[in-house]
Amino acid sequence: MTTSLEHSSFDAIVGGGSVSGLFAAREMASKGMRVLVLEEDHEIGTPEHCGGVVSQTGLESLGIIPRMKTVDNEIKSAVIKTRNKSFKIDSTNQRVIVIDRRSFDKEIAFQAQEHGAEINTRSSITSIAFEHDLFKIRVKGGEIYKSKYFVDARGVGSLVNKGMRNIIPSGQYEVYAPWIVKDTIEVIFDADLYPGFFAWVIPTGEGKGKVGVAGKNINPYILLESFLNSRGRPYSIIRKIYAPIWINGYVKPFFKGKNVIVGDAAGQTKPTTAGGIYTGGMGGIFAGRAIALSHGEGKEGKYLNEYEENWLFKFGKEFDRLLLLRKVLERLDNKSLDKIFSEVSNSTLDNISETGDFDFHSFSLKQFLNTKTTLNLIYTFMGNEYRKLIKDLSKI
Ligand SMILES: Cc1cc2nc3c(=O)[nH]c(=O)nc-3n(C[C@H](O)[C@H](O)[C@H](O)COP(=O)(O)OP(=O)(O)OC[C@H]3O[C@@H](n4cnc5c(N)ncnc54)[C@H](O)[C@@H]3O)c2cc1C
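Quick caveat, the model's predicted, so the values are computed rather than measured.

1. Here we look at the layout of surface pockets
Part 1: Of the voids in this model, the second largest pocket is the one considered here, and its volume is about 260 Å³.
Part 2: Contributions of two or more residues to the lining of the second largest pocket are made by strand 11 (144–152), helix 4 (156–161), strand 17 (255–256) and strand 18 (259–261).
Part 3: Broken down by class, the residue content of the lining of the second largest pocket amounts to 8 nonpolar, 3 polar and 5 charged.

Listed below in structure tokens is the structure:
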């Protein structure tokens, strides 16, 4: 007998209504599957915990041409800094924009809904059971939903629940300040203040933007306060968020039976920048298509391997390279960073400006690190690991 809290069955339930989950839902619904998205927050896209930096090429691959109100800004250059050095890269060719995730996520939700998916907000999943070939998903309040497939798109929290370590704290404030330049992103390396990562300024317009920090074992609150004070007053903080990021690469397998993992929950964020709109969004698309094929043929699981293979074919090698390059970067102290930055030639910078690819930036990063000084420094810092690293770097 069905209790009043039990709902009818769906072909697939997606846990988490952000980019990766909504793209998966869109793809499955567009192939005629009955899909339900359960999102714990009260509104899709809110609270926004993202810088929103993405390439237009990436968005095109995701099948989204953002509306005017979704695009906050176009980025023309990036200033990269260490304590005492800095250089500027012209990023015009990379077609980088800053999107407003609050309205971007709603655009994907609307696409998913147009294809027939249902979305429920304020529906926090509290337990998932698999019985008699069906998932039984319980949400806060006691309601139970059933489905043949479950797509876990619950973000970094899902990795935390699995006991994964090395999750990095980050904080990001929305700030109004005269020193924020409309079309220039800033990236600030400081091995003492932001170990393993960096601080950033992402402009959303002239005099306004998102200022963030992340790093191993840091206190983002204290670091953001001192970062802002170092830039001088006046400034206003109009929003504060603290969120964990994952930079340890993809976490395989991407599925177990009919339980499929996408986006941040599968570690599909770039190991250098933690960017995941494009890579995690593509995870959602590949997964959604594979589930629809499996479901359509009634041969459960047959096509799910293709999801993993397709994603790895597109991003696997790039992620492996980025992991390697991050390993190098995070070993360097401030003195070494200054030294490397002072030796970057204008021709290298011109070349990166000309040929750099925002979505696949390992090649640019390698060009930048490929100096005699860097190689000597790597030798000093990495000792025995040096040979293997140089061999691996030469394959990039
Ligand atoms: C400070 C910061 C800045 C970033 N800047 C950028 C950037 O500039 N560019 C870029 O590409 N990427 C950026 N990222 C990464 C990007 O935000 C993520 O990669 C992307 O949002 C991943 O999407 P997702 O759908 O996998 O997971 P998430 O966006 O994390 O979404 C998970 C969803 O699941 C929901 N959820 C969680 N638990 C439950 C539950 N129990 N029941 C129901 N729902 C649940 C959450 O409420 C959330 O909506 C940034 C991340 C951070 C933290």
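2. A look at the domain arrangement of the protein
Part 1: Split by domain assignment, the protein resolves into domain 1 (6–52 + 100–163 + 249–302), domain 2 (74–97 + 168–245) and domain 3 (318–394).
Part 2: Relative placement of domain 1 and domain 3: their C-alpha centres are 36 Å apart.
Part 3: On the side of domain 3, 10 residues touch domain 1, which itself brings 11 residues to the contact.
Part 4: Between domain 1 and domain 3, the buried area comes to about 900 Å², and carbon and sulfur atoms account for 72% of it.
Part 5: It is Lys 270, Pro 271 and Thr 272 that lose the most area in domain 1 upon contact with domain 3, and together they represent 59% of the buried surface on that side.
Part 6: Taken together, the links from domain 1 to domain 3 amount to 0 salt bridges.
Part 7: Put simply, domain 1 and domain 3 have 4 residue pairs in polar contact (both at pLDDT 80 or more) between them.
Part 8: Looking at the side of domain 1 that touches domain 3, its residues break down into 3 nonpolar, 7 polar and 1 charged.

3. Examining the packing of aromatic side chains
Part 1: For the coordinates displayed, the defined rule picks out 18 aromatic pairs.
Part 2: Between the aromatic rings of Tyr 173 and Tyr 242, the centroid separation amounts to 6.0 Å while the plane-to-plane angle is 80°, which identifies the pairing as edge-to-face. You can see Tyr 173 sitting in strand 12 (residues 168–176) and its partner Tyr 242 sitting in strand 16 (residues 236–245), a full 69 residues away along the chain.
Part 3: An aromatic cluster is present here, built from Tyr 250, Phe 254, Tyr 278, Tyr 307, Trp 311, Phe 315, Phe 319 and Phe 360 joined pairwise through their rings.
Part 4: A cation over a ring is seen here: Arg 34 above Phe 10, with NZ or CZ 4.5 Å from the ring centre.

Calculation criteria
- Residues numbered from 1 in each chain as written.
- Predicted model: local features only at pLDDT ≥ 70, side-chain atom pairs only at ≥ 80, totals over all residues.
- Heavy atoms only, no water.
- 1 Å grid on protein atoms, 1.4 Å probe; cavity = no way out; pocket = protein on both sides within 12 Å on 5 of 7 lines; lining within 4 Å.
- Points joined across faces, edges and corners; volume = space filled by probe spheres on them.
- Helix = DSSP H or I, 4+ residues; strand = E, 2+ residues; numbered from the N terminus.
- Nonpolar A, V, L, I, M, F, W, Y, C, P; charged D, E, K, R; others polar.
- Domains from an automatic or database assignment.
- Contact = heavy atoms within 4.5 Å.
- Buried area = accessible area lost by both parts, 1.4 Å probe.
- Salt bridge = Lys/Arg side-chain N within 4 Å of Asp/Glu carboxyl O.
- Polar contact = N/O pair within 3.5 Å; in protein donor to acceptor, adjacent residues only side chain to side chain.
- Phe/Tyr/Trp six-rings, centres within 6.5 Å; stacked < 30°, edge-to-face > 60°.
- Lys NZ or Arg CZ within 6 Å of the ring centre and 35° of its normal.

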